[in-house]
Amino acid sequence: MAGDTLGGTYTMAEGLTVHRMGYGAMQLAGPGVFGPPKDRDEAIAVLRTAVELGVDHIDTADFYGPHVTNELIREALAPYGDDLHIVTKVGAVRDEQGGWPHARSPEQLRQQVESNLRTLGVDVLDVVNLRVGGGPDGHSPVPGSIAEPFGALAEMREQGLIRHLGISVVDEEQVREAQSIAPVVTVQNWYNVVHRGDERLIASLAEQGISYVPFWPLGGFSPIQSETLETVAKDLGASPQAVALAWLLHQSPNICVIPGTSSVAHLRENIAAASLELPEDALATLDGIAG
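Rules behind the numbers
- Residues numbered from 1 in each chain as written.
- Predicted model: local features only at pLDDT ≥ 70, side-chain atom pairs only at ≥ 80, totals over all residues.
- Heavy atoms only, no water.
- Core = buried A, V, L, I, M, F, W, Y, C linked by side-chain atoms within 4.5 Å.
- Buried < 20%, exposed > 50% of the residue type's maximum accessible area, 1.4 Å probe, protein only.
- Helix = DSSP H or I, 4+ residues; strand = E, 2+ residues; numbered from the N terminus.
- Contact = heavy atoms within 4.5 Å.
- Pairing = 2+ DSSP bridges.
- Axes fitted to C-alpha atoms, helices over the stretch in contact; angles between N-to-C directions.
- Phe/Tyr/Trp six-rings, centres within 6.5 Å; stacked < 30°, edge-to-face > 60°.
- Lys NZ or Arg CZ within 6 Å of the ring centre and 35° of its normal.
- Left-handed = near helix turned anticlockwise from the far one by under 90°.
- Nonpolar A, V, L, I, M, F, W, Y, C, P; charged D, E, K, R; others polar.
- Expected span 1.5 Å × (residues − 1).

Counting residues in each nonpolar core, the largest one holds 83 residues, and the members touching the most others are Tyr23, Leu47, Ile73, Val113, Leu153, Ile167 and Val187. Looking at which element gives the most residues to this core, the answer is helix α8 (residues 240-251), with seven residues. Not counting residues within four places of it along the chain, the set of residues in contact with Ile167 comprises Asn129, Leu130, Ile146, Phe150, Gln174, Val175, Ala178, Val184, Thr186, Val187 and Gln188.

Here we come to the pairing of strand β8 (residues 186-190). Looking along a regular strand, one sees the side chains alternate between the two faces of the sheet. Counting buried residues in β8 gives five out of five residues, a clear majority hidden from the surface. Because side chains alternate across β8, one face comprises the buried residues Thr186, Gln188 and Trp190, and the other comprises Val187 and Asn189, equally buried. Taken together, the three bridges between strand β7 (residues 162-168) and β8 define a ladder with parallel strand orientation. When the bridges of β8 are listed, Ile167 appears paired with Val187. Note that β8 and strand β9 (residues 211-215) share five bridges and pair parallel. Opposite Thr186, over in β9, you have Ser211 as the bridge partner.

Looking at the element boundaries, Gln188 is found in strand β8. For Gln188, the contacting residues outside a window of four places in its chain are Asp59, Lys89, Asn129, Ile167, Ser168, Val169, Val213, Phe215 and Ile258.

A few words on the sheet that holds strand β6 (residues 125-131). On the basis of which strands lie adjacent, the open sheet formed by seven strands has the order β3-β4-β5-β6-β7-β8-β9 and parallel pairing. A strand with exactly one partner marks an edge of an open sheet, and here the two such strands are β3 (23-24) and β9. In terms of strand pairing, β3 meets strand β4 (residues 57-59) through two bridges, oriented parallel. Across the sheet, Gly24 pairs through a bridge with Asp59, a residue of β4. Of the strands in this sheet, β8 and β9 touch helix α6 (residues 199-208), which is tilted by about 150 degrees from β9.

Our next topic: the packing of aromatic side chains. Considering all chains together, one arrives at six aromatic pairs under this definition. Arranged with centres 5.5 Å apart and planes meeting at 90 degrees, the rings of Phe63 and Tyr64 form a pair that is edge-to-face. Look at Phe63 and you get buried, because its relative accessible area is 5%. Plain terms: the ring middles of Tyr64 and Trp100 are 6.3 Å apart, the flat faces sit at 80 degrees to each other, and that makes the pair edge-to-face. Placement of Tyr64 in the loop between β4 and α2 (68-77) and of Trp100 in the loop between β5 (85-90) and α3 (106-120) is noted, with a sequence separation of 36 residues between them. Every member of this aromatic cluster is reached through a ring pair, and the members are Phe63, Tyr64 and Trp100. For Arg94, the ring lying beneath its charged end belongs to Trp100, and the centroid distance is 3.7 Å.

Across the interface, helix α1 (residues 40-52) lies against α2 with an axial gap of 9 Å and an inter-helix angle of 65 degrees. When the axes of α1 and α2 are compared, the crossing they make is right-handed. Across the interface between the two elements, Arg40, Ala43, Ile44, Leu47, Arg48 and Val51 from α1 touch Leu72, Ile73, Glu75, Ala76 and Leu77 from α2. Split into classes, the residues belonging to the contact of α1 with α2 amount to eight nonpolar, no polar and three charged.

Residue pairs spaced three or four apart in an α-helix point in one direction, given the helix's 3.6 residues per turn. Along its 15 residues, α3 runs 21 Å from first to last C-alpha, staying within 8% of the 21 Å computed at 1.5 Å per residue. Residues of α3 that are buried include every one of Leu109, Gln112, Val113, Ser115, Asn116, Leu117, Thr119 and Leu120, and no others. Looking at the packing, one finds that the buried side of α3 touches α2, β5, β6, α4 (147-158) and β7.

Let us now look at the environment of Glu277. One can find Glu277 in the loop between α9 (264-272) and α10 (280-287). Using a relative accessible area of 49% as the deciding quantity, one classes Glu277 as partly exposed. Sequence separation between Glu277 and Leu236 is 41 residues, and the spatial gap between their C-alpha atoms is 8.9 Å.

With that settled, the discussion passes to the environment of Gly219. Assignment of secondary structure puts Gly219 in the loop between β9 and α7 (223-236). A relative accessible area of 1% means that Gly219 is categorised as buried. Residues Gly219 and Leu201, spaced 18 residues apart in sequence, show a C-alpha to C-alpha distance of 19 Å.

Take it as geometry only, folks, not as evidence of what the structure does.
Next comes the structure, spelled out in structure tokens:
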């Protein structure tokens, strides 16, 4: 990573090579990922600054807001450059209370794909992730077949509405099932220095040349674990978020990160994490704090 401010690159598929340091747009929406941003001008500035700094992988979803982050991306960045890849996700909608009910019937998925096309202002979606699980904590896989919803997305891919497919919040069996239906170019799950349940899956995907995109880099920490991370960060003169991101990039070359923020200053701090060197003693301490 030294000397590369965006963590190097990873090729997800032919014509789909991205810097490993990306950007997640979720935090651009209002509180609870519902409604408009508090500062629209700052939100636009974050997106434009990310691209100016070389970010070419932006993660979004039409149910963020809903519609808010996609519309901001379109306002800030359209017409999109050929080297900018926007990854969206389907499988949920928002209710009037700001909840996230599942919406995975073929009809619902087609409506969501069409809505993403409309709000992003594109004729074809670069990558669409099917969001599957949730569970009691909202972030974990739930076993079960995903053949019907993933098959519906595969059909839309054949129709030219989607270029590439991915899956999110899934277990290894669901990954294999999806791959039996259509190519999978990325998997997006909860994984960080504390929550490491996907290490075998990450290694398997790396062998197959499939990217793994972890979300919630500081999620699920106990107070003691947070204190340890903060101590390492202080010793390195970095933020805990930057250290957590640098640790993720260190784990496997197929890991791409998508930290989110609604602040230009914080965006710059996150991107700096891609070039943060983690010495052996820091890595040993971090490796020892898993639950």
